[in-house]
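# Working through the structure, step by step
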Amino acid sequence: QVQLVESGGGLVQPGGSLRLSCAASGSIFSINAMAWYRQAPGKQRELVAGRTNSGSSNYAASVKGRFTISGDNAKNTVYLQMNSLKPEDTAVYYCNAEVVTWRDSNEYAYWGQGTQVTVSS
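The following paragraphs examine the structure supplied in this document.

Cut-off values and rules
Residues numbered from 1 in each chain as written. Predicted model: local features only at pLDDT ≥ 70, side-chain atom pairs only at ≥ 80, totals over all residues. Heavy atoms only, no water. Helix = DSSP H or I, 4+ residues; strand = E, 2+ residues; numbered from the N terminus. Rg over C-alpha atoms; globule rule 2.2 N^0.38 Å. Buried < 20%, exposed > 50% of the residue type's maximum accessible area, 1.4 Å probe, protein only. Contact = heavy atoms within 4.5 Å. Areas by Shrake-Rupley, 256 points an atom, 1.4 Å probe, with all protein chains shown as cover. Polar contact = N/O pair within 3.5 Å; in protein donor to acceptor, adjacent residues only side chain to side chain. Pairing = 2+ DSSP bridges. Axes fitted to C-alpha atoms, helices over the stretch in contact; angles between N-to-C directions.

This next bit is on the overall build of the protein chain. Within the protein chain, the regular secondary structure consists of zero helices and 11 strands. When the elements of the protein chain are put in sequence order from the N terminus, they spell out β-β-β-β-β-β-β-β-β-β-β. A compact globule built from 121 residues should have a C-alpha radius of gyration of about 14 Å, and the protein chain, at 14 Å, falls within 12% of that. For the protein chain, the spread of C-alpha atoms along the principal axes amounts to about 50 × 25 × 20 Å. Per-residue burial for the protein chain yields a buried fraction of 40% across its 121 residues. In the protein chain, the proportion of contacts linking residues at least 24 apart, taken out of those at least 6 apart, comes to 54%. Carbon and sulfur atoms form 48% of the exposed surface of the protein chain, whose accessible area is close to 6300 Å².

Moving on, we get to the side chain of R38. Looking at where R38 falls in the secondary structure, it is placed in strand β4 (residues 28–39). A distance of 3.4 Å separates polar atoms of two side chains, one belonging to R38 and the other to S62. Polar side-chain contacts of R38 include one of 3.0 Å to the side chain of D89. Leave out the neighbours within four places in its chain, and R38 touches Q44, R45, E46, V48, S62, V63, F67, E88, D89, A91, V92 and Y93.

If you trace the four strands from one edge of the open sheet to the other, you get β1-β3-β8-β7, paired in antiparallel fashion. Only two strands of the sheet have a single partner each, and these edge strands are β1 (2–7) and β7 (67–72). Between one strand axis and the next, the sheet turns by 15° as a mean value, whatever way the strands run. Inspection of the sheet shows strand β3 (residues 18–26) paired to strand β8 (residues 77–82) by six bridges, in the antiparallel sense. Along β8, the bridge assignment pairs L20 with L80.

Have a look at this one:
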């Protein structure tokens, strides 16, 4: 069993910053990649930013230049630094990890419970 625990969401004014954290724990042999997704009311879940265990990253066009994903492989943790936040960034943010468990050599996708980010004046 693998658990992802997110933290750092909240209410922030437009132009402000927030930092999200996600820590993975449990029966982890290795993590190949971690990512942040978000889902706004009435919309589909979308990829915000992803990071492989080699450190390469990718971003949605809407957040490029404002958000930065980083991680600590030794701690199985990923972060999302969000700057210059806009009202349209309001959503529930979910952490995702592609995990190889001790159970077998297959890769499984795990999700966190989500953390609310609200950008409003």
